[in-house]
Amino acid sequence: MVKRSIRASTVGIEQAKQAFRRKGWTQEYLAGEVGLETRQSIWKFFKGQPIERHIFIDICLCLDLDWQEIACFNIDSATSDQKGTSALEQQTVASEVDALVEQVRSLLYSPILAQCGSLRLLDTAQPLALDELYVNANLLEQLSCQQWLEVSDLQSSTNSSLNRLGLTQSNYKAVAAIDAISFVGTKTAIATYPKLMVMGKPGAGKTTFLQKVALQCIRGELPLASIPIFIELRNLAEETLANSVTIADDFSFIDYINRKFRDLGISAQQVERLLKHGKALILLDGLDEVRAGHTDTLLKQITKFSKTYYQNSFIITCRFAAQPYRFPGFTYIELADFNQSQIEAFAKKWFVAAASKQNKEEGLNLATQFIDKLKLPENQPIRELAKTPILLNLTVSVFQAKADFPKKRSKLYEAGLDILLVRWDEARGIQRDEVYRSLSLPHKIKLLSHIAATTFEEGNYFFEQSEIEQHIADYLTSLPESSSDPETRRLNSEAVLKAIEAQHGLLVERALGVYSFSHLTFQEYLTARNIVASPDTATLKEALQRLSVHITQPQWREVFLLTAGLLRNAEPLLQMMKQQIDTLVARDRKLQEFLAGICKKCHSLQTPYNPAAVRAFYFTLFLDRDLGLAVALDRNLARDLTPELTLDLELARAFSLVQSLIQHPNIQQILALSFALNLEKLLERESELDRNQKRSHFSQAFQHLKDQLPDLGNGRDYSLQWWKTQGQAWAEQFRSMLVEYRQIGHGWQLTDVQVEVLKQYYQANQLLVDCLNSECRYSSVIRAEIEATLLKSEVGSVKFEV
C-alpha cells in the first residue's frame with residue numbers, strides 16, 4: 001500500500017532549495033501557489049520532515065522538479081506490503097499495460113485522424129490534409145511579454161530601413177516544436193517539459209500545432225508510446241453545460257473522457273489504468289475560447305485532473321491575455337512567428353495543395369513567383385503580415401488570383417484586419433465574451449485608428465500600458481452613455497485593452513506593461529484610415545497638409561501610399577506632396593543650378609522616353625546611379641536604353657572608378673577601369689546612328705585620354721605610382737572632356753548637407769511617383785502637370801563652370 005506521507009531526501013532538499021532560490025519566492029508565496037493556507041508544510045518540506053504525499057508532489061511541480069528525484073524512498077522491512085511488488089510482478093504489469101496501450105491506440109486511430117487530420121482554411125472550398133500543409137513550428141522558451149524592458153529599449157531596436165520594427169523575436173531562444181514535445185514526460189540534458197502551456201497570438205497556429213502533435217502521437221512518431229486525448233475545451237464546456245448557466249458542480253474531466261472512450265469500447269477501468277501508469281498525452285485546445293461563466297470551474301478541474309494524474313503529459317493552448325490564471329507545474333512557452341524559411345515552406349505546400357494533382361509543377365512555379373515577389377523591398381509590409389500563419393494564408397490566397405499582390409495594398413490590409421476582428425472567430429462558430437460589447441465593429445475600428453494615428457504621429461511604435469489605456473479612455477469618453485467616474489473609466493480602458501489583445505491580437509504586450517501593434521503594417525494602415533475618415537472637407541484638408549509635411553521621413557512612406565489609395569480623390573494630397581518636394585530645393589541656388597544643368601542636358605537629347613524619366617536618369621548618374629525613379633516613370637528604360645544614354649551611363653561608372661582610384665589606388669580597380677573604358681563598340685554604334693561632328697571629336701578626345709594611361713605591361717608598381725602622382729590631373733581631364741562633349745560630370749562642389757537634401761528630394765519624388773503608379777484616383781491632367789515640372793529647376797538659363 002502506498003504511503004500517505006513522504007519526505008525529501010538530503011540530496012533532494014538541496015536541489016529543492018536551489019530551485020526555490022532561482023524562483024525568488026518566499027515560503028508564503030510558494031504555499032499560495034500550492035493552495036495552502038499556511039506555510040507549515042513548506043517549512044517541513046525543506047526540513048526533510050514527512051508531509052502529505054499530494055502536497056509534496058504539488059510543491060515539486062511548482063518548483064519544476066521531478067518529485068521522485070526529490071523524495072526519500074526508505075523501504076521498511078518490517079512489513080512485507082511496504083516492499084512493493086516483485087520485479088517479476090512489475091514486468092508482468094508493464095507488459096499488460098503496454099498491450100492495453102496498443103489496443104487503445106488502434107481503437108483511437110481513426111477518430112484522431114478524423115478529428116485532427118484536416119484543416120479548414122478561410123476562403124477554401126474544401127478541407128485540406130494537415131500533413132500536406134503543416135510546417136514545423138518553433139517555440140520560444142521565454143514568453144516575450146514577460147521581458148523586463150523599457151519602451152526606450154524596444155524603440156532603440158527599431159530599424160526603419162531593414163527591420164522596420166524590432167519585433168522579430170530573434171532575441172529570444174527558440175526550440176523546434178518537435179524537440180519540445182519529445183521532451184514532454186522525458187528527461188534530457190537540456191530541459192524537462194512534463195506539462196506545457198503553449199501561448200500565442202490569434203492565428204498563430206496553436207490548434208494546428210496541437211493537431212499535429214495528436215497525429216504524431218497516434219502514429220507512434222513521438223519517443224514514448226502514449227495515447228493522445230485531444231479535447232476542444234469549448235466543446236467540452238458546451239456539451240457538459242447542456243442547458244445550465246454554469247458547468248455542473250459534479251463535472252469532472254475523467255467522467256468526460258470516460259464518456260468519449262465508452263463509445264469506442266474502452267472501459268472506465270482501462271482509462272483509469274492507463275492514466276495511473278502515465279500513458280496518456282492530454283491535449284487541451286483553446287482555453288481562451290471558453291466563455292467566462294464556465295472558466296473558473298474548468299480551471300479548477302484541469303488543475304485537479306493534472307495533479308491527480310500527474311504521471312501523464314499535458315499540453316494546453318491559449319491566447320495571450322485571455323487567461324491570467326497560472327497552472328501549477330506547467331511550463332509556459334510561446335509559439336513563435338514564422339521565419340522566412342517557414343514562410344517559403346508553407347507557400348510551396350499551399351500552392352501545390354491548391355493545384356490539381358496533375359499540375360504539381362504549376363503549383364511549384366507559382367510558389368516560386370510568390371517567394372520572389374515577397375522578397376522585393378516594396379513588399380516588406382506584406383512580409384511582416386506573412387509571419388502570422390493565418391495572414392500568410394490570406395496572402396497566398398490573394399496572390400493566387402493574379403500571380404501578383406494587389407496594387408492597392410489597402411484592400412489586402414483591410415482583409416487581414418477583417419479576419420482578426422471578425423471572420424476568424426465566426427468561421428469556427430466562436431462567440432467570445434464581449435468585454436467591450438458596447439463598441440460596435442465600426443467603433444472598434446475607429447478606436448484602433450485613433451490609437452494608431454496618435455502613437456504614429458508621436459513616433460511611438462511601443463507605448464506604456466497606462467498610455468494606451470489613456471488613449472482608450474479618451475475615445476470612450478466621446479461615446480454616449482460613457483461613465484464620468486475616473487476609476488470606472490480606468491477599469492473599462494484596461495478591460496478593453498485586454499479584450500483587444502486576447503480576442504483580436506491587434507495590440508500585443510511586447511514586454512511587461514509595454515505594448516505595440518501586432519504588425520507595423522496595421523499601425524500604418526489604421527493611421528491612413530484615420531486621416532481619410534476626417535468628418536468634413538476642411539478637416540480632411542488639414543489632415544492631408546499635416547501628412548505632407550512628413551514627405552522626407554522614410555517611416556511615413558507606407559502611410560502616404562495607403563492614404564492615397566484610400567482617398568476618393570487623391571489629387572489634393574498629390575498636389576500638396578509636390579509643393580512640399582519643390583520647397584526642399586527652392587531656396588538653394590546651387591541645387592537649382594544642378595537641376596538646371598540636368599534640364600539643359602535632357603533638352604539636347606532626342607529620346608523615345610518620357611522626358612521626366614530622362615531627367616530622373618541623369619539626376620542620379622553621378623550620385624548613386626539608382627534608376628528606380630526613371631524606370632517608375634517609363635518602364636522602357638529598364639528594357640532597352642538608347643546608345644546615347646548607355647554611353648553616358650558607362651562613362652559615369654568609369655568616372656566613379658577613377659574617383660575611387662585617386663583616393664585608394666589598387667591593382668584590382670586599375671584592371672576594372674581598363675575594362676570600363678573599353679567603349680569602342682558603343683562609340684561606333686552611336687556614331688553610326690548620329691553623324692554629329694561633335695560626337696566624332698569626343699571619340700578622338702576619349703582615345704587620346706586613354707592613351708595617356710600607364711601600360712599595364714610595365715608592371716604593378718609602375719601603374720600604382722602613376723596613379724598616385726598623375727591620377728588627379730588625368731581625372732580632371734576626364735571630367736573636362738565629359739562636360740565639354742557630353743554635358744555631364746560637372747563639378748558642382750556640393751556640401752554634405754546639399755547632397756543629403758538631394759537624396760531626400762529624390763526619394764520624395766520617388767514616393768510621389770509611386771503614389772501616381774498605385775491604384776489611387778486622380779485625373780490624367782494632374783499627372784501631366786506633375787510630370788512636366790518633376791526634377792526641374794525654377795531658375796532660368798544658367799552658365800555652368802567645370
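Residues numbered from 1 in each chain as written. Predicted model: local features only at pLDDT ≥ 70, side-chain atom pairs only at ≥ 80, totals over all residues. Heavy atoms only, no water.

What follows concerns a nonpolar patch on the surface. On the surface, a cluster of nonpolar side chains totalling about 310 Å² of accessible area is made up of L671, F675 and L712. The partly exposed category is assigned to L712, whose relative accessible area is 37%. (Patch = residues over 30% accessible without salt bridge, like charges linked within 9 Å, V, L, I, M, F, W, Y side chains within 5 Å. Areas by Shrake-Rupley, 256 points an atom, 1.4 Å probe, with all protein chains shown as cover. Salt bridge = Lys/Arg side-chain N within 4 Å of Asp/Glu carboxyl O. Buried < 20%, exposed > 50% of the residue type's maximum accessible area, 1.4 Å probe, protein only.)

Of all hydrophobic cores here, the largest spans 218 residues; its most connected members are F253, F370, Y618 and F734. Apart from residues lying up to four places away in sequence, Y618 is in contact with I598, K601, C602, L605, E644, L645, D648 and I744. In this structure, A31, V34, I59 and L65 belong to the second largest nonpolar core, which totals 26 residues. (Core = buried A, V, L, I, M, F, W, Y, C linked by side-chain atoms within 4.5 Å. Contact = heavy atoms within 4.5 Å.)

Turning next to the side chain of H471. Mapped onto the secondary structure, H471 falls in helix α21 (residues 465-477). On the basis of relative accessibility, which here comes to 10%, the residue H471 falls in the buried class. The residues contacting H471, other than those within four sequence positions of it, are H450, I451, T454 and T455. (Helix = DSSP H or I, 4+ residues; strand = E, 2+ residues; numbered from the N terminus.)

The next point concerns the packing of aromatic side chains. Enumeration according to the criterion identifies 31 aromatic pairs in this entry. Measuring from ring centre to ring centre gives 5.6 Å for F655 and F734, while their planes differ by 70 degrees; the resulting arrangement is edge-to-face. Of this pair, F655 sits in helix α31 (residues 643-663) while F734 sits in helix α35 (residues 716-742); the two residues are 79 residues apart in sequence, bridging distant segments of the chain. According to the relative accessible area criterion, F655 is buried, its value standing at 5%. Chaining the aromatic ring pairs together yields one cluster made of F253, F305, Y309, F314, F327 and F330. Note that R326 overlies the ring of Y332, its terminal NZ or CZ placed 3.6 Å from the centroid. Between the NZ or CZ atom of R742 and the centre of the ring of F698, over which it lies, the distance is 5.5 Å. (Phe/Tyr/Trp six-rings, centres within 6.5 Å; stacked < 30°, edge-to-face > 60°. Lys NZ or Arg CZ within 6 Å of the ring centre and 35° of its normal.)

Attention now goes to the packing of helix α12 (residues 253-262) against helix α14 (residues 292-308). Close contact between α12 and α14 brings their axes to 9 Å; oriented N to C, the two are set at 85 degrees. Classified by the angle between their axes, α12 and α14 sit roughly perpendicular to one another. The residues of α14 that touch α12, namely those facing F253, I254 and I257, are L298, Q301, I302 and F305. Split by residue class, the contact of α12 with α14 holds 6 nonpolar, 1 polar and no charged. (Axes fitted to C-alpha atoms, helices over the stretch in contact; angles between N-to-C directions. Parallel < 35°, antiparallel > 145°, perpendicular 65-115°, else oblique. Nonpolar A, V, L, I, M, F, W, Y, C, P; charged D, E, K, R; others polar.)

Our next topic: the environment of L210. Considering the arrangement of structural elements, one finds L210 in helix α10 (residues 206-218). Separated by 75 residues in sequence, L210 and D285 place their C-alpha atoms 7.2 Å apart. In this structure L210 touches F230, L283, L284, D285, I315 and T317, once residues within four positions along its chain are discounted.

Let's shift gears to the sheet that holds strand β11 (residues 331-335). Strand order in this open sheet of 7 strands is β6-β5-β11-β7-β10-β9-β8, and the pairing throughout is mixed. Edge positions in the open sheet fall to β6 (174-176) and β8 (227-232), since each of these has one partner strand only. Going from strand to strand, the sheet's axes swing by 25 degrees on average, the running direction of each strand aside. Judged from the 4 bridges that link them, strand β9 (residues 280-285) and strand β10 (residues 313-319) form a sheet pairing that is parallel. (Pairing = 2+ DSSP bridges.)

A cluster of like positive charges, contributed by K17, R21, R22 and K47, occupies part of the molecular surface. Ranked by residue count, the leading element in the positive patch is helix α1 (residues 10-23), at 3 residues. By secondary structure assignment, the location of R21 is in helix α1. Given a relative accessible area of 57%, R21 falls into the exposed group. (Lys, Arg positive; Asp, Glu negative; His and termini not counted. Charge placed at Lys NZ, Arg CZ, Asp CG, Glu CD.)

Attention shifts here to the sheet that holds strand β13 (residues 507-511). Taken together, 3 strands build an open sheet; the order of strands is β12-β14-β13 and the sheet is antiparallel. Strands at the two margins of the open sheet, each flanked by one partner only, are β12 (463-464) and β13. Where β13 lies against strand β14 (residues 514-517), 4 bridges are found, and the strand directions are antiparallel. Looking across to β14, one finds that L507 is bridged to F517. In the packing of helix α20 (residues 441-457) onto the sheet, the strands contacted are β12, β13 and β14, and the crossing angle to β14 comes to about 105 degrees.

Quick look at helix α37 (residues 780-788) now. Three or more residues of α37 are buried, namely I782, R783, I786 and E787. The arc that holds the buried residues of α37, viewed along the axis, is 125 degrees, so those residues lie on one side. Packed against the buried residues of α37 are α26 (571-586), α28 (611-619), α29 (628-633) and α36 (752-773). (Arc of directions from axis to C-beta.)

Most of β9 sits inside the fold, with 6 of its 6 residues counted as buried. Here 6 bridges tie β8 to β9, and the two strands are oriented parallel to one another. In the strand pairing of β9, E232 is matched with D285.

What follows covers α28. Burial of α28 is extensive: 8 of the 9 residues sit out of reach of the surface. Looking only at α28, the buried set comprises A612, A613, V614, R615, A616, F617, Y618 and F619. Turning to α28, the residues buried within the fold contact α27 (589-603), α29, α30 (636-639), α31, α36 and α37. Looking at where α28 begins, the residue whose side-chain oxygen comes 2.9 Å from the main-chain nitrogen of A612 is N610. (Polar contact = N/O pair within 3.5 Å; in protein donor to acceptor, adjacent residues only side chain to side chain.)

Let us now look at unusual backbone geometry. Despite not being glycine, D64 has its phi angle at roughly 60 degrees, a positive value. By the secondary structure assignment, D64 is in the loop between α4 (53-62) and α5 (67-70). Residue D64 is classed as partly exposed on the basis of its relative accessible area, which comes to 47%. Within the chain, L791 stands out as a residue other than glycine whose phi angle is a positive 60 degrees. Checked against the element boundaries, L791 lands in the segment after α37.

By the definition in use, this model includes 24 salt bridges. Residues R219 and D131 are paired through a salt bridge, measuring 2.7 Å at the closest nitrogen-oxygen approach. Taken together, the residues R219 in the loop between α10 and β8 and D131 in helix α7 (residues 130-133) connect sequence positions 88 residues apart. For R219, a relative accessible area of 30% translates into the label partly exposed. By relative accessible area, which is 34% here, D131 ends up partly exposed.

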